[in-house]
Amino acid sequence: MSTTGTSVFNLDVNDLIEEAFERCGAELRTGYDFKTARRSLNLLTIEWANRGINLWTIEEGQIPLYPNQVIYALPNDTIDLLDQVTRTNAGTGTPQVDININRISESTYSTIPNKYAQGRPIQVWINRQTAETNSTSATTLSQTAQSTDTTLYLADVNGLAAAGFVKIGDELISYSNLTKTGDAAGYISFCGRAQQNTVAVQHLSGAQVYVTRPPSINIWPVPNQGSIGNPFYMFVYWRMRRIQDAGTGTRTQDIPFRLVECMVAGLAYRMSMKLPNMDPNRIAALKTEYEQQWQLAAEEDREKRSEEHTSELQSHLNLV
């Protein structure tokens, strides 16, 4: 008997939600049933992010480091950084060297007396912000800002943080210092233009300025080499990103195939707590099944070292 020759089985969102409802002894009947299940599915992926490292969401990234720039934005969907190094000779074409950069806490960073000291970056504080942008303008530019300007003049700096991020048009800009020059007017300086792969452009006087809070890093000391467009140091990191949202019914989930069963079990348990007239014993059984499936998935979704693989193989051979 021949096999199918394929290994592509997966569940789109419709099938996944249908399977979860059936495990609850119910049927997916209305549009609201789908809406509430999809909401529970998104909450489930948030729970997974809090339960531990999801290996399929680990991504490598790089940020060029420049003199006088302290703060740099991370991608908005970053949950946390797992590892990070400072890469030297980043733009020179000579052999590159990766050197460990130590992660420090906010309290340790706050005690550094001179945050603009120059040298090879050896410490980083990771600020895990919400990635939200204020929907109303905080202030406006009081002077036109050219694409290369690192000091921006604002009509009103009241209420702005001493250091942080602003968005003007489509450009995200970091700043490390705020100076007040009058009752309201002032300027932000040591600006890092074109953060998060946006483009540095000219912004005319009167342009709206919005406050935004992306996850970010503060490095110390600031680089003593390099120039804009030609960095000597590169911050190289490995981050854990958010699992993508549940989409329309025809989309599959942002998970490996081996976690589909766990996701179905988790959704079935969450839906059992929302559906009316559910038997408490069934709810308890679905919870137990979910926890068992999570344990199996968590044990599989981990890095395996050579010596660990050899030990597992030997254990298997001993059983044969």
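Below is a short write-up of the structure. (Residues numbered from 1 in each chain as written. Predicted model: local features only at pLDDT ≥ 70, side-chain atom pairs only at ≥ 80, totals over all residues. Heavy atoms only, no water.)

**Quick notes on the environment of Tyr175**
Then comes step 1: Among the structural elements, Tyr175 can be located in strand β12 (residues 171–175).
Then comes step 2: Judged by relative accessible area, Tyr175 falls into the buried class, the value being 2%. (Helix = DSSP H or I, 4+ residues; strand = E, 2+ residues; numbered from the N terminus. Buried < 20%, exposed > 50% of the residue type's maximum accessible area, 1.4 Å probe, protein only.)

**Side note on the sheet that holds strand β1 (residues 58–65)**
Then comes step 1: Judged by pairing direction, the sheet is antiparallel, and its 4 strands sit side by side in the order β1-β21-β3-β4 without closing on themselves. With one partner strand each, in any of the chains shown, β1 and β4 (97–100) form the two edges of the open sheet. Strand-to-strand twist across the sheet, computed as the mean angle between neighbouring axes with direction ignored, equals 35°.
Then comes step 2: By the bridge criterion, 8 bridges tie strand β3 (residues 78–88) to strand β21 (residues 233–241) in an arrangement that is antiparallel. Looking at the pairing, Gln84 lines up with Tyr237 of β21. (Pairing = 2+ DSSP bridges. Axes fitted to C-alpha atoms, helices over the stretch in contact; angles between N-to-C directions.)

**Describing the pattern of salt bridges**
Then comes step 1: Here the structure, examined in full by the defined rule, presents 15 salt bridges.
Then comes step 2: The closest approach of N and O atoms between Asp245 and Arg242, which form a salt bridge, is 4.0 Å.
Then comes step 3: Residue classification places Asp245 among the exposed residues on the basis of a relative accessible area of 55%.
Then comes step 4: Connected through salt bridges with shared partners, the residues Glu59, Asp77, Arg239, Arg241 and Asp254 form a single ionic network. (Salt bridge = Lys/Arg side-chain N within 4 Å of Asp/Glu carboxyl O.)

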